Amino acid sequence: MKTSNPVLARLGQAAERERAAGYAPVGQYGQPGYDSAYPTTDYPAAPPTVRPMTVDDVVVKTVALLGITGISAGAAWALIPDSLAPAAWIGAALIGLVLGLIISFSRMANPALVVAYAVFEGVFVGMVSKAYETFFDGIVLQAVTATFGVFFLMAILYKIRAIRATPRFIRGVVAAMAGLFAVMLINLVLALFDINTGLRDGSPLAIGFSLVCIVVASLSFILSFHEVEEGVRMGLPQRYSWVAAFGILVSLIWLYLEMLRLISYFQGDD
């Protein structure tokens, strides 16, 4: 099956490049030269000098990136004065966006870029969180708890195969993500011209839109888990675990920001 996660789609292409670069085909039972005329699930095997990616690699790097993001967010919260907050979060958001696009469309896994992305996204998340906490006491802890609660729930549902990453499911989630990002971009442009669409103002429509975003962001974890599983099965080199961890981090940040926004709607009258 081809990879379909917008962030992790490079994993499948990476497998093709590694195969073309000299990966030896492996038969159904992992033996070189197995007769491919028989039913088999041929995947490229990592050469002896390259350690293949494992689930543990992805877990370790995801935790490391979350730690870097958290430290960066805490430092930005504590050190950046309020007078510079708007410039800091806008600048960090733009740099993070550029780095994210470079990582997503890069032909090689680059740990330095992934770490830099975590740092700048940490600054962005830290400044946004500080702004919300200023108006809604305790909202950051609530949003963090809800975000990781959803993440672990989706991990369990994927583990027990309650939700499966079928081709139709993948196409549906990818289409939903593309549609939501397009709507958010249009809404942002209209907001620059003081045009209120009602999608981000705390109205019932805004609450519904945030709920849709949260559902789609949650389902995106299923795509990430599936791509990690496929990457491990294809024997991709260990360095591609950075790409997988990056994809999970992107979904976590998106979900957290939507949780912040949704919770604030229900605290607006306090």
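For clarity, every value in this text was computed on a predicted model and none was experimentally measured.

Rules and cut-offs
- Residues numbered from 1 in each chain as written.
- Predicted model: local features only at pLDDT ≥ 70, side-chain atom pairs only at ≥ 80, totals over all residues.
- Heavy atoms only, no water.
- Helix = DSSP H or I, 4+ residues; strand = E, 2+ residues; numbered from the N terminus.
- Buried < 20%, exposed > 50% of the residue type's maximum accessible area, 1.4 Å probe, protein only.
- Contact = heavy atoms within 4.5 Å.
- Phe/Tyr/Trp six-rings, centres within 6.5 Å; stacked < 30°, edge-to-face > 60°.
- Lys NZ or Arg CZ within 6 Å of the ring centre and 35° of its normal.
- Salt bridge = Lys/Arg side-chain N within 4 Å of Asp/Glu carboxyl O.

**Side note on the environment of Tyr-256**
For Tyr-256, the location among the structural elements is in helix α8 (residues 241-267). Taking the relative accessible area as the measure of exposure, Tyr-256 reaches 9% and is therefore buried. Considered as a pair, Tyr-256 and Ala-143 are 113 residues apart in the sequence and their alpha carbons are 6.1 Å apart. Excluding residues that lie within four positions of it along the chain, Tyr-256 makes contacts with Val-125, Ser-129, Val-140, Ala-143, Val-144 and Thr-147.

**Focus on the packing of aromatic side chains**
Throughout the structure, instances matching the rule amount to nine aromatic pairs. For the ring pair Phe-135 and Phe-136, a centre distance of 6.5 Å and an interplane angle of 50 degrees mean the geometry is tilted. With a centroid separation of 5.0 Å and 40 degrees between ring planes, the pair formed by Phe-181 and Trp-254 is classed as tilted. You can see Phe-181 sitting in helix α6 (residues 167-192) and its partner Trp-254 sitting in helix α8, a full 73 residues away along the chain. Here Phe-181 falls in the partly exposed class, since its relative accessible area comes to 41%. Owing to a relative accessible area of 11%, Trp-254 belongs among the buried residues under this scheme. An aromatic cluster is defined as three or more aromatic residues linked by ring pairs; in this entry it consists of Phe-151, Phe-152, Tyr-158, Phe-221 and Phe-225. Against the face of Tyr-158 rests Arg-161, its NZ or CZ located 4.7 Å from the ring centre.

**A word on unusual backbone geometry**
Backbone geometry at Arg-161 places phi at a positive 65 degrees, although glycine is not the residue there. Secondary-structure assignment places Arg-161 in the loop between α5 (139-159) and α6. Judged by its relative accessible area of 31%, Arg-161 falls in the partly exposed class.

**Examining the pattern of salt bridges**
Pairing between side chains of opposite charge can happen when the charged atoms of each approach one another. Per the counting criterion, the structure on display carries five salt bridges. Put simply, Asp-82 and Lys-130 hold a salt bridge, and the shortest N to O gap is 3.1 Å. With Asp-82 in the loop between α2 (55-79) and α3 (85-105) and Lys-130 in helix α4 (residues 111-135), the pair connects residues that are 48 residues apart, well separated along the chain. Classification of Asp-82 as exposed rests on a relative accessible area of 58%. Arg-161 is paired through a salt bridge with Glu-229; the nearest N and O atoms lie 2.9 Å apart. Here the residue Arg-161 occupies a position in the loop between α5 and α6, and Glu-229 occupies one in helix α7 (residues 204-233), the gap between them amounting to 68 residues.

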